[in-house]
Amino acid sequence: MSTDTGHLPRLESRESYVDHLEGFTTTDIGQHEPGKPKRTRIKTYMLETARYDHSLPAFDRLFPDDAHLHRLDDTLYRVEDAANGRRIVGLIENLDDRHPVLYTTLPVNESEKWVRRVVDHNPWLDRLWLSSPILFELWRYVQRTTPIHRYVRLGFEHTARYETPSDLLGVDQDPYDDADTSDEDERAPLDWIERRRSRVSLTERLALLNTKLMPLMELYDPLHSLVQLQIPAGERGGHRLYYDGRATNWSDSFLEHRTIVDLVVRLYRKVTTHAEDRLWVDTTQVGEDGLSFSGAPVTIRFSEQLSEPTFQRFVDLALRRRTSRFRIGGYIKERGPTKVHLTGIDRHLWQPFLLEATSHHLLVVLPRGTCGNTIHRLVTNVQRYVDPKVDVWLGSERYSHAVANSMTTT
């Protein structure tokens, strides 16, 4: 069966698919058959279910009914899309009991659409949210393991989405929708609205980046919002990671790509589990002395105080709106012009949490059972759309230190 459309052939074993995907990565570089569309590269979507002590449906029931999973071995499934004539959209592998990954050769606009349909309104699944501290730790891994003559690609992005420009003052209808969109198809703002928007892509030799990147970050704070990193491959090309858990294979080897994805998933799992163990708030009855509390809050401190209009816009679009890219909801109690309390529900697993938002910080309390990826998602979206230079703490521990310590044991 042809793979020109990006759908996979109907094979019956892991070995057959690995052979096919290995050939797919090497035959696509530099040439394709005249008169036929060029094959697209392998994309991987890293997903999140729940911790081992959370009650979950059977694995194939985590996905919508029109996504049929055909088991090939203990951890690999062929995915057939019933809404598209049972064509094979990709393979799903359980890298561990918490993080399935989708491998697909669909064009990115089609794969993004399919993943959104499967994930965005599904409480059992979420994307991996590779926050800037996680991507920066992987960047330090690149610095340690890559020859300095190799080229490395980094992408930075910050859009002051909730900033209230003078053009909008007095306008009743907000022309912006806060629904989550991918980089490829995000709708452009109306021409008459101006707001801060920074997109920087650097492809440079590692030797130069080692000396120039940190001074640049001190001069221009949007460079603290790292949203894309390409880890160089053993030979040519590399493995491009995105903030929302997507990875594109630009190397010659699918197996090497899978190894990099496995490294990222193991780091992510360790950081998430560490955060949950540290943060989950629980109570224990202690005889006549009352209750003993365990756990700690998450603190996200803004580098500059938000203006009152920007704060109100953030509350309205990010916290109140059901389609918010933050994927949270709940009941808001206003405590002042720049302070609210949210009794929240995370739409991943429908778990509760408490959030205090002020013009200076966000303070988050996670009851036992709330998924730790709530923190990664908050940090990722706050840095991209509110403040690229936030300071994040897990109780008394810096979030960046927790990420670094998890990497040393990966």
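Just so it is clear, the model here is predicted, and its values are computed rather than measured. (Residues numbered from 1 in each chain as written. Predicted model: local features only at pLDDT ≥ 70, side-chain atom pairs only at ≥ 80, totals over all residues. Heavy atoms only, no water.)

Asks: Sorry if this is basic, but what is going on with the packing of aromatic side chains here?
Replies: Here a ring pair, both rings aromatic, is described through the centre-centre distance and the interplanar angle of the planes. Counting across every chain of the model gives six aromatic pairs. Seen in terms of ring centroids, F314 and F326 are 5.9 Å apart; in terms of plane orientation they differ by 80°. Their pairing is edge-to-face. Here F314 is found in helix α6 (residues 308–320), whereas its partner F326 is found in the loop between α6 and β15 (328–336), with twelve residues between them in sequence. With respect to class, F314 is no different from F326; both count as buried. Connected via pairs of aromatic rings, a cluster forms that spans F59, F63 and Y77. (Phe/Tyr/Trp six-rings, centres within 6.5 Å; stacked < 30°, edge-to-face > 60°. Helix = DSSP H or I, 4+ residues; strand = E, 2+ residues; numbered from the N terminus. Buried < 20%, exposed > 50% of the residue type's maximum accessible area, 1.4 Å probe, protein only.)

Asks: Sorry if this is basic, but what is going on with helix α8 (residues 399–408) here?
Replies: Think of an α-helix as 3.6 residues a turn; residues three or four steps apart then line up on the same face. Taken residue by residue, α8 has Y399, A402, V403, S406 and M407 as its buried positions. Along the axis of α8, the buried positions cluster into a sector of 135°, meaning they face one direction only. The secondary structure elements touched by the buried residues of α8 are α3 (132–145), α5 (254–279), α7 (373–385), β19 (391–394) and β20 (397–398). (Arc of directions from axis to C-beta. Contact = heavy atoms within 4.5 Å.)

Asks: Where do I start with the packing of α5 against α8 in this structure?
Replies: The packing of two helices is summarised by the inter-axis angle and the distance between the axes. Relative to each other, α5 and α8 sit at 130°, their axes nearing to 9 Å. On the basis of the axis angle, α5 is oblique to α8. At the point where α5 passes α8, the crossing takes the right-handed sense. Counted together, L263, L267, K270, V271 and H274 of α5 and Y399, A402, V403, S406 and M407 of α8 form the full contact between these two elements. Class assignment of the residues belonging to the contact of α5 with α8 gives a composition of seven nonpolar, two polar and one charged. (Axes fitted to C-alpha atoms, helices over the stretch in contact; angles between N-to-C directions. Parallel < 35°, antiparallel > 145°, perpendicular 65-115°, else oblique. Left-handed = near helix turned anticlockwise from the far one by under 90°. Nonpolar A, V, L, I, M, F, W, Y, C, P; charged D, E, K, R; others polar.)

Asks: Could you clarify how one ought to interpret the sheet that holds strand β14 (residues 298–301) in this entry?
Replies: Within a sheet, adjacent strands bond to each other through the backbone by hydrogen bonds, running parallel or antiparallel. Taken in spatial order, the seven strands of this open sheet run β15-β16-β17-β18-β14-β19-β20, and their pairing is antiparallel. Pairing within the sheet leaves two strands with one partner each, and these edge strands are β15 and β20. Taken together, the four bridges between β14 and β19 define a ladder with antiparallel strand orientation. When the bridges of β19 are listed, I300 appears paired with V392. Along the sheet, α5 makes contact with β14, β19 and β20, crossing β19 at roughly 65°. Each of β15, β16 (339–346), β17 (351–358) and β18 (361–365) touches α6; the most contacted strand, β15, lies at about 155° to it. (Pairing = 2+ DSSP bridges.)

Asks: Could you clarify how one ought to interpret the pairing of strand β7 (residues 151–159) in this entry?
Replies: In summary, the side chains of a regular strand alternate between the two faces of the sheet. Burial analysis of β7 places seven of its nine residues in the buried class, which makes it a mostly covered element. The pairing of β7 with strand β8 (residues 197–205) spans nine bridges and is classified as antiparallel. Bridge pairing links E157 to R199 in β8. Here four bridges tie β7 to strand β9 (residues 226–232), and the two strands are oriented antiparallel to one another.

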